[in-house]
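Residue-level structure breakdown
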Amino acid sequence: MVRKAAVVTVSNGSYLQGQPNGRLPSMDSRQPQEKVVLKKKVTLLRGISIIIGTIIGAGIFISPKGILKNTGSVGMSLMVWTACGILSLFGALCYAELGTCIKKSGGHYTYILEAFGPLPAFVRVWVELLVIRPAATAVISLAFGRYILEPFFMQCEIPELAIKLITAVGITLVMVLNSTSVSWSARIQIFLTFCKLVAILIIIVPGVIQLIKGETRHFKNAFSGNDASIMGLPLAFYSGMYAYSGWFYLNFVTEEVENPEKNIPLAICISMIIVTVGYVLTNVAYFTTISAGELLLSKAVAVTFAERLMGSFSLAVPVFVALSCFGSMNGGIFAVSRMFFVASREGHLPEILSMIHVRKHTPLPAVIVLIFS
């Protein structure tokens, strides 16, 4: 059925006048549709959860032995953990300055585009799309699949097929979450960040109690042992900086941050202080119970620590590790999808990736491509 167009008339039967070109007022006075944009839904708390939730992954719970191996002593390893936190804070403060000066989302891509032009930015975003992000997502998602199944396969090896299936489920959940609602994705990130901090406190508090009891034998002659080599220290710092990586992710969503001039610097400073203190105290807690040699031989330091001090509660450690991995997945997908969204808007990726869901206000095509890349 074809609907007829309505014609407005006056009582004498003539067309309604009043426009210089003779068109009806209803045709010229139509209101423009509201522009669909990504909403400013990232508050200070959500910004902190994005940074902390993405930085803290499986490494601090599983195998912080890279630094110890390359430094050669307990004292030097703790100094490297502290130094890496301070260096990461300096880098994060530089990004805080960039985020307040260049109020565009996209992080690395946007800053390279503004400073060096379109060609380096084009190369950077395509390397991220084809190499960096698929590898990072695969590593963290497989770790999630392995450790979420760990409590069910304590006496035997976990089947690889089961790990891959759970990994696929985890990636799908992250995709659905980030495609459906920015608010819910941020709320889940806050919850997972809370779980990570609780897991770290579960390690730190017993460690402090051990120190109060006088368990300091592993700190005696803390700087004695194998001397750090010229090649060892750079590798130790590389391991430490990798553990702190993720402080830049809030700058990927600058356009969605409420009051970015205030909240971006605050979120970065608060997050980096919490992570640095947490990392250093967690390693101190490990050494109250585990010697340097035992730490180097352990496959999962947090599990070994929990088994010695908490007994059967150690079964909960793999669950916390899995939640930590899921939080890193969610934070990474949430942030990096905005880089692809901005790159598409600039013409460096297919135009479809710059489209936004009209009701949910999420960059749906960018999320989907990111998951399946």
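The residue numbering used here restarts from 1 in each chain and proceeds along that chain's sequence as written. Only residues with pLDDT of at least 70 are given local features in this predicted model, and only at 80 or more are side-chain atom pairs given and counted; all residues enter the totals for whole chains, interfaces and linings. To get the side-chain values, all heavy atoms of the structure are used, and hydrogens and water are removed first.

1. Regarding the nonpolar core
Under the convention used in this document: In these notes, a set of buried Ala, Val, Leu, Ile, Met, Phe, Trp, Tyr and Cys residues joined through side-chain atoms within 4.5 Å is what counts as a nonpolar core. Exposure classes here rest on a 1.4 Å probe applied to the protein chains alone. A residue is buried below 20% of its type maximum, exposed above 50%, and partly exposed in between. Here a helix means four or more residues in a row that DSSP labels H or I, a strand means two or more in a row labelled E, and each is numbered from the N terminus.
Counting 94 residues, the largest nonpolar core has Phe61, Leu250, Tyr279 and Phe340 as the members making the most contacts within it. Ranked by the residues each element gives to this core, the list is headed by helix H14 (residues 316-345), at 16 residues.

2. Here we look at the packing of aromatic side chains
Which entries qualify depends on this criterion: Any two rings among Phe, Tyr and Trp, with Trp reduced to its six-membered ring, count as a pair given centres within 6.5 Å; such a pair is stacked if its planes are under 30 degrees apart, edge-to-face if over 60, and tilted if neither. The rule is short: NZ of Lys or CZ of Arg within 6 Å of the ring centre and within 35 degrees of the ring normal puts a charge over the ring.
Within the structure shown, the criterion is met by 13 aromatic pairs. Judged by centre distance (6.4 Å) and plane angle (80°), the rings of Phe219 and Phe287 are edge-to-face. Taken as a pair, Phe219 in the loop between helix H9 (182-212) and helix H10 (232-244) and Phe287 in helix H11 (residues 260-289) lie far apart in primary sequence, 68 residues in all. The exposure class of Phe287 is buried, given its relative accessible area of 2%. Between the aromatic rings of Trp247 and Phe248, the centroid separation amounts to 5.3 Å while the plane-to-plane angle is 75°, which identifies the pairing as edge-to-face. On the accessibility criterion, Phe248 (15% relative accessible area) is buried. By the ring-pair criterion, three or more aromatic residues cluster together here, those being Tyr95, Tyr111, Trp247, Phe248, Tyr249 and Phe252. One residue, Arg338, lies across the ring of Phe334, its end atom 4.2 Å from the ring centre.

3. Some words on the side chain of Ser181
The criterion, for reference: Any pair of nitrogen or oxygen atoms within 3.5 Å is treated as a polar contact; in protein, a donor-acceptor pairing is required on top of that, and neighbouring residues in sequence qualify only through side-chain atoms on both sides.
Relative to the helices and strands, Ser181 is located in the loop between helix H8 (160-180) and H9. For Ser181, the side chain forms a polar contact with the main-chain nitrogen of Ser183, separated by 3.3 Å. Side-chain polar atoms of Ser181 contact the backbone nitrogen of Trp184, separated by 3.1 Å.

4. Points about the environment of Leu364
For clarity, the threshold we go by: Here, two residues are considered to be in contact whenever any of their heavy atoms come within 4.5 Å of each other.
Within the secondary structure, Leu364 sits in helix H15 (residues 364-372). With 189 residues separating them in the primary sequence, Leu364 and Met175 have C-alpha atoms 9.0 Å apart. Dropping the residues within four chain positions of it, Leu364 is found in contact with Ser179, Met355 and His357.

5. Here's the deal with the pattern of salt bridges
Just so we agree on the cut-off: Throughout this description, the term salt bridge denotes a Lys or Arg side-chain nitrogen within 4 Å of a carboxyl oxygen of Asp or Glu.
Applying the stated criterion across every chain yields a total of 10 salt bridges. For Glu346, the salt bridge identified is with Lys104, shortest N-O distance 3.3 Å. Taken together, the positions of Glu346 in the loop between H14 and H15 and Lys104 in the loop between helix H5 (74-101) and helix H6 (108-116) put the pair 242 residues apart, joining distant regions of the chain. Take Lys104: its relative accessible area is 23%, and that puts it in the partly exposed class. What you see here is one network of salt bridges that share partners, running through Lys104, Glu114 and Glu346.

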